[in-house]
Amino acid sequence: SIMSELDQQGMGEDRGLTVIDQDPTGKIRDRAAIFLLSICVFLVYTLTFCKSHSWDAIAYTARVDAHPLLSDVYLSTSLFHPHHLLYVVFGKAFAAFVGLFGEGRDTFWTLQMGNAIFGSLTILLVGLTLGRSTRNPLIVLGVPAGLAFSNAMWTFAVEVEVMMPAIALLSAGVYSINRSS
């Protein structure tokens with residue numbers, strides 16, 4: 001264990017030091033701060049969900065609900081629409097997952113919750129990627145915080161819009177590339 005290795009080196013509990021004290025680069029501190037930031041961002045997003053929806057949000061939700069008057073009739077356009085190839089599939093899967101827990105909310109809320117999760121995940125991944133690239137805590141926390149509360153990011157994270165899962169997956173790709181190099 002980490003503490004036993006620290007004790008063998010004379011750096012453990014006898015000197016009153018914690019594992020975080022033994023982190024001279026600040027990596028653990030930065031990761032904890034980024035994780036805390038993403039949780040706070042998620043809470044802010046969930047507290048500011050849109051109550052008045054755009055036509056696109058209504059159309060995406062109608063497709064997830066398979067609404068007979070507002071949704072497309074053909075599977076090719078109702079499920080796999082050219083402008084948002086997998087969003088309706090994601091919405092149906094996420095609504096089914098949320099339904100397992102007996103959550104009786106409407107589909108708008110369910111899709112907004114999915115977007116809030118993807119939004120906060122994006123902030124986490126951007127922060128972790130920057131944490132690997134720089135040790136400047138202003139950059140590691142400032143850039144994700146600025147991104148989280150930018151107009152576009154906030155709008156897409158609190159409304160039923162197709163961009164948030166794509167942005168999260170793009171961020172996961174960049175993080176994976178950065179991590180492997």
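Structure: above.
Presented here is an overview of the structure given in this document. (Residues numbered from 1 in each chain as written. Predicted model: local features only at pLDDT ≥ 70, side-chain atom pairs only at ≥ 80, totals over all residues. Heavy atoms only, no water.)

### Section: the packing of helix H3 (residues 55-65) against helix H5 (residues 87-99)
- One can describe the packing of H3 onto H5 by two numbers: an axis separation of 9 Å at closest approach and a directional angle of 60 degrees. In terms of orientation, H3 and H5 fall into the oblique class. Crossing of H3 against H5: the hand is right-handed. Across the interface between the two elements, Tyr60, Arg63 and Val64 of H3 pack against Tyr87, Val88, Gly91 and Lys92 of H5.
- Tallied by class, residues from the contact of H3 with H5 come to four nonpolar, one polar and two charged. (Axes fitted to C-alpha atoms, helices over the stretch in contact; angles between N-to-C directions. Helix = DSSP H or I, 4+ residues; strand = E, 2+ residues; numbered from the N terminus. Parallel < 35°, antiparallel > 145°, perpendicular 65-115°, else oblique. Left-handed = near helix turned anticlockwise from the far one by under 90°. Contact = heavy atoms within 4.5 Å. Nonpolar A, V, L, I, M, F, W, Y, C, P; charged D, E, K, R; others polar.)

### Regarding helix H2 (residues 27-47)
- For H2, which comprises 21 residues, the first-to-last C-alpha distance of 30 Å matches the rise-based estimate of 30 Å (1.5 Å per residue) to within 8%.
- Burial in H2 covers these residues: Asp30, Ile34, Leu37, Ser38, Val41 and Tyr45. Around the axis of H2, the buried residues are gathered within 100 degrees of arc, so they sit on the same side. For H2, the exposed residues set more than 90 degrees away from the buried face come down to Leu36 and Leu47.
- Those residues of H2 hidden inside the fold are in contact with helix H6 (107-133), helix H7 (137-148) and helix H8 (151-158). (Expected span 1.5 Å × (residues − 1). Buried < 20%, exposed > 50% of the residue type's maximum accessible area, 1.4 Å probe, protein only. Arc of directions from axis to C-beta.)

### Quick look at the packing of H3 against H6
- With their axes 10 Å apart at the nearest point, H3 and H6 run at an angle of 105 degrees to one another. With respect to their mutual orientation, H3 and H6 come out roughly perpendicular. Seen from H3, the contacting residues are Ala57, Ile58, Thr61, Val64 and Asp65; seen from H6, they are Thr107, Phe108 and Leu111.
- Residue composition of the contact of H3 with H6, by class: five nonpolar, two polar and one charged.

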